[in-house]
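Survey of secondary and tertiary structure
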Amino acid sequence: MSVTAAAFKPFTRQQMAQRAAADIPEGWYVNLGIGIPTLVADYVPMDREVIFHSENGVLGMGPAPEQDKIEPWLINAGKQYVTLRTGGSYCHHADSFAMIRGGHLDLCVLGAFQVADNGDIANWATSDNDSAPAVGGAMDLAAGARRLWVLMEHTAKDGTPKLVRRCTYPLTAPGAVKRIYTNLATIDVTERGFVVLDIVPGLSLADLQARTEAKLHLPG
Amino acid sequence: MINKIVQTMAETMSGIRDGSVVLLGGFGAVGQPNALIEGLIEQGAKDLTVAANNAGVGHVGLARLMELGRVRKIICSFPRSSDPVVFETLYRAGKIELEIVPQGTLAERMRAAGAGVPAFFTATGVGTKMALGKESRDIGGRTYILEHALKGDVGLVEAWEADRWGNLTYKQAGRNFNPVVAMASDLTLVQAQHIRELGEIDPDHIVTPGIFVNRVLHVPYGDPAGF
């Protein structure tokens with residue numbers, strides 16, 4: 001039976017976050033980047049103890065507060081109001097980044113403009129002449145966390161592939177990405193290149209390859 | 001008797017020279033020493049190099065200092081904000097120099113300055129534009145780049161509590177860059193929400209010991225503004 005590309009339904013942002021959250025085991029210390037990655041926390045149940053870290057010195061970050069329970073001093077790196085879970089703690093910026101740079105985080109999940117099949121990630125500037133480049137903590141996270149996963153749309157809005165042979169945008173870190181969750185598939189970055197773990201129902205490997213610049217492989 | 005608590009903004013700001021390197025605490029609006037930045041605007045020092053995580057919002061505080069042409073160079077990790085109009089305008093016109101530094105490297109450069117470490121190797125930025133022109137070295141099979149300490153002539157800090165010895169506590173995520181700014185600066189100026197008697201702050205709760213602090217001004221402004 002052949003399935004046409006028209007029959008598939010891409011994951012929503014929430015479904016992408018849910019797919020990634022399913023792979024995070026209890027006990028991991030995790031930093032979630034701004035954008036879709038932030039949604040991952042919504043899909044980790046509170047009884048699976050995963051400790052979320054925010055660059056601005058918050059370890060054990062909880063969900064957004066009710067409107068009438070906002071703590072004006074308690075924000076995350078995306079400058080949104082958050083809560084602190086029981087057992088959470090505060091530290092200063094250098095200690096917070098020591099957690100990142102010292103290899104203490106089990107996982108960081110970032111968004112990206114491009115990921116190459118050698119694990120290179122570009123997620124901070126879209127051209128070498130960006131008027132005011134802004135890197136934030138992305139390079140620290142990409143270089144420092146024990147694992148880097150990327151959560152992003154499979155292609156750019158105009159259909160341009162974001163999973164590429166070599167990044168054309170300025171790099172955030174070379175060879176850092178271990179896994180990519182997109183609205184179409186879950187893909188490991190291995191020594192062979194991109195290895196497809198799963199695809200949304202109704203989309204064939206050939207259809208996925210048509211939306212991917214770099215060569216896709218099957219496991220094994 | 002040691003008393004680092006001063007009574008006026010003018011006294012707090014006295015002695016800041018043109019050409020100073022000024023380190024700012026704060027992340028977004030939280031823990032940002034807004035009153036001291038206003039004091040610096042009033043004080044008049046110019047040709048400043050300012051290091052802060054962000055490059056100002058709207059036309060107030062750091063953005064106002066830049067708009068007045070008093071900042072020669074900004075060192076930051078994230079110059080974008082909800083309203084970066086002043087920085088963007090000056091940057092596009094070539095009227096302000098920008099040094100982009102990864103956020104963790106920025107914090108570590110301050111801590112290094114405070115700890116007497118002149119430079120350090122880090123993996124952050126290796127293989128990127130950040131590595132251009134920097135010394136690199138392979139240590140234990142991994143490549144690192146050399147980053148230099150960032151010392152402040154002046155540091156502006158916001159604390160939750162302070163005593164007359166300059167011991168400080170912070171509130172929640174208001175801590176952020178403030179402790180490393182305090183330790184990295186020759187002249188550390190603090191605005192504190194609450195002034196406590198000596199001994200009233202539990203020694204186990206002091207985050208910045210007074211040795212890193214020069215002057216404290218009582219500024220009980222309440223909660224930080226929203227975003």
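Below you will find a few notes about this structure. (Residues numbered from 1 in each chain as written. Chains lettered and ligands numbered in written order. Predicted model: local features only at pLDDT ≥ 70, side-chain atom pairs only at ≥ 80, totals over all residues. Heavy atoms only, no water.)

**Let's talk about the overall build of chain B**
The criterion, for reference: What counts as a helix is a DSSP run of H or I of at least four residues, what counts as a strand is a run of E of at least two, and both are numbered from the N terminus. Both definitions apply: the radius of gyration is a C-alpha atom measure, and the globule rule equals 2.2 Å times residues to the power 0.38. Remark: exposure states derive from per-residue accessible area (1.4 Å probe, protein chains only) relative to the maximum for the residue type, with buried under 20%, exposed over 50%, and partly exposed in between. For this analysis, residues touch if any pair of their heavy atoms sits within 4.5 Å. All accessible-area figures derive from a Shrake-Rupley calculation using a 1.4 Å probe, and residue coverage is judged against the displayed protein chains alone. When charges are counted, neither His nor the chain ends are considered; positive counts come from Lys and Arg and negative counts from Asp and Glu. The location of each charge is read from NZ of Lys, CZ of Arg, CG of Asp or CD of Glu.
Counting its secondary structure elements, chain B contains six helices and twelve strands. Taken over C-alpha atoms, the radius of gyration comes to 18 Å for chain B, in line with the 17 Å a tight globule of 227 residues would show. Considering only C-alpha atoms, chain B reaches an extent of 50 × 45 × 35 Å along its principal axes. Within chain B, the proportion of its 227 residues that are buried is 55%. Across chain B, contacts joining residues at least 24 apart in sequence account for 74% of those joining residues at least 6 apart. Within the structure as shown, chain B displays about 9,600 Å² of accessible surface, and the carbon and sulfur contribution to it stands at 51%. Computing the positive centroid from 22 side-chain charges and the negative centroid from 24, chain B places the two 6 Å apart.

**A short note on the overall build of chain A**
Looking only at helices and strands, one finds four helices and 13 strands in chain A. Expected size for 220 residues packed as a compact globule is a radius of gyration near 17 Å; at 18 Å, chain A falls within 12% of this value. Here the C-alpha coordinates of chain A stretch approximately 55 × 40 × 35 Å along the principal axes. Across the 220 residues in chain A, those meeting the buried criterion constitute 53%. Considering only contacts within chain A whose residues lie at least 6 apart along the sequence, 62% involve residues at least 24 apart. With an accessible surface of roughly 9,600 Å², chain A has 51% of that area assigned to carbon and sulfur atoms. The distance from the centre of the 19 positive side-chain charges to the centre of the 23 negative ones in chain A is 5 Å.

**Observations concerning the side chain of histidine 53 of chain A**
All names here are of chain A. Rule in force here: By the criterion applied in these results, polar contacts are pairs of N or O atoms within 3.5 Å in which, for protein atoms, one can donate a hydrogen and the other can accept it, and in which residues neighboring in sequence qualify only through two side-chain atoms.
Mapping histidine 53 onto the fold places it in strand β2 (residues 51–54). Taking the relative accessible area as the measure of exposure, histidine 53 reaches 1% and is therefore buried. Side-chain polar atoms of histidine 53 contact the side chain of serine 96, separated by 3.0 Å. Apart from residues no more than four positions distant in its own chain, histidine 53 is found in contact with Val30, Asn31, Leu32, Val58, Leu59, Met61, Ser96, Met99, Ile100 and Leu105.

**Quick notes on the packing of helix α2 (residues 93–101) of chain A against helix α5 (residues 103–115) of chain B**
Note the following rule: Fitted lines through C-alpha atoms serve as axes, helices being fitted only where they are in contact, and the angles separating the N-to-C directions of these axes extend from 0 to 180 degrees. For classification purposes, an angle smaller than 35 degrees is called roughly parallel, one larger than 145 roughly antiparallel, one from 65 to 115 roughly perpendicular, and anything else oblique. Each crossing is labelled by how the near helix is turned from the far one, with a counterclockwise turn of less than a right angle marking it left-handed and a clockwise turn marking it right-handed. Side-chain classes follow a simple rule in which Ala, Val, Leu, Ile, Met, Phe, Trp, Tyr, Cys and Pro form the nonpolar group, Asp, Glu, Lys and Arg form the charged group, and the remainder, Gly included, forms the polar group.
For the pair α2 of chain A and α5 of chain B, interaxial distance at closest approach is 9 Å and the crossing angle is 125 degrees. The angle between the axes of α2 of chain A and α5 of chain B places the two elements in the oblique class. Handedness of the α2 of chain A/α5 of chain B crossing: left-handed. Taking contact as the criterion, the partners of His93, Ala94, Asp95, Phe97, Ala98 and Arg101 of chain A in α2 of chain A are, on α5 of chain B, Gln103, Gly104, Thr105, Ala107, Glu108 and Arg111 of chain B. Its residues assigned to classes, the contact of α2 of chain A with α5 of chain B comprises four nonpolar, four polar and four charged.

**A closer look at the sheet that holds strand β7 (residues 121–122) of chain A**
Backbone-to-backbone hydrogen bonds pair the strands of a sheet. The strands run either parallel or antiparallel. Residues and elements named next belong to chain A. Applied cut-off: A strand pair is defined by DSSP finding two or more bridges across the two strands.
Strand order in the open sheet formed by three strands is β7-β6-β9, and the pairing between neighbours is mixed. Of all the strands in the sheet, the pair left with one neighbour each is β7 and β9 (163–164). Judged from the two bridges that link them, strand β6 (residues 114–116) and β9 form a sheet pairing that is parallel. If you follow alanine 116 over to β9, its bridge partner there is valine 164.

**Focus: the pairing of strand β6 (residues 119–122) of chain B**
Where a strand is regular, its side chains alternate between the two sheet faces. Residue and element names in this part refer to chain B. Side chains Phe120 and Thr122 project from β6 onto a buried face, and the interleaved Ala119 and Phe121 project onto a face without burial. Relative to strand β8 (residues 142–148), β6 runs antiparallel, the two sharing four bridges. When the bridges of β8 are listed, threonine 122 appears paired with isoleucine 145.

**Overview of helix α2 (residues 34–43) of chain B**
All names here are of chain B. Inspection of α2 places Leu36, Ile37, Gly39, Leu40 and Ile41 among the buried residues, and these make up the whole buried set. Residues of α2 that are buried make contact with α1 (9–13), β2 (21–24), β3 (48–51), α3 (62–67), β9 (152–162) and β11 (185–195). Positive phi shows up at glycine 44, right after α2, with a value of about 105 degrees.

**So, empty space enclosed by the protein**
What counts is decided by this rule: Cavities and pockets were defined on a 1 Å grid built from protein atoms only: a cavity is a group of points that admits a 1.4 Å probe but offers it no way out, a pocket is an open group of points flanked by protein on both sides within 12 Å along at least five of seven lines, and a lining residue is one with an atom within 4 Å of any such point. Grid points are joined across faces, edges and corners, and a volume is the space filled by probe spheres set on the points.
One pass over the structure, following the stated rule, counts one cavity of 30 Å³ or more. Approximately 30 Å³ is the volume attributed to the largest cavity. Along its surface, the largest cavity is lined by Trp73 of chain A together with Gly31, Glu158, Ala159, Trp160, Tyr170, Lys171 and Gly174 of chain B. Residues of the lining of the largest cavity, tallied by class, amount to four nonpolar, two polar and two charged.

**A word on the environment of asparagine 31 of chain A**
All names here are of chain A. Counting through the fold element by element, asparagine 31 comes out in strand β1 (residues 29–32). The buried category is assigned to asparagine 31, whose relative accessible area is 0%. With 75 residues separating them in the primary sequence, asparagine 31 and aspartate 106 have C-alpha atoms 8.6 Å apart. The residues touching asparagine 31, leaving out its near neighbours within four places in the chain, are His53, Ser54, Glu55, Leu105, Leu107, Cys108, Val109 and Leu141. A polar contact of 3.2 Å, which involves the side chain of asparagine 31, links it to the side chain of glutamate 55.

**Focus: the interface of chain A and chain B**
Worth spelling out the cut-off: Reported buried area values correspond to the accessible surface (1.4 Å probe) lost by two parts on association, with both partners' losses combined. In the sections that follow, a salt bridge refers to a side-chain nitrogen of Lys or Arg positioned within 4 Å of a carboxyl oxygen of Asp or Glu.
Residue-level contacts link 39 residues of chain A with 53 residues of chain B. Both sides of the chain A and chain B interface together cover about 3,600 Å² of buried area, and 61% of this is carbon and sulfur. Here chain A is connected to chain B by one salt bridge. The salt bridge partner of arginine 111 of chain B is aspartate 95 of chain A, with a shortest N-O separation of 2.8 Å.

**Observations regarding the pairing of β1 of chain A**
Residue and element names in this part refer to chain A. Note: β1 against β2, three bridges, orientation parallel. Looking at β2, one finds that valine 30 is bridged to phenylalanine 52. Bridge count between β1 and strand β5 (residues 107–110): three bridges; the pairing is parallel. By the bridge assignment, valine 30 is partnered in β5 with leucine 107.

That is the geometry; function is a separate question.
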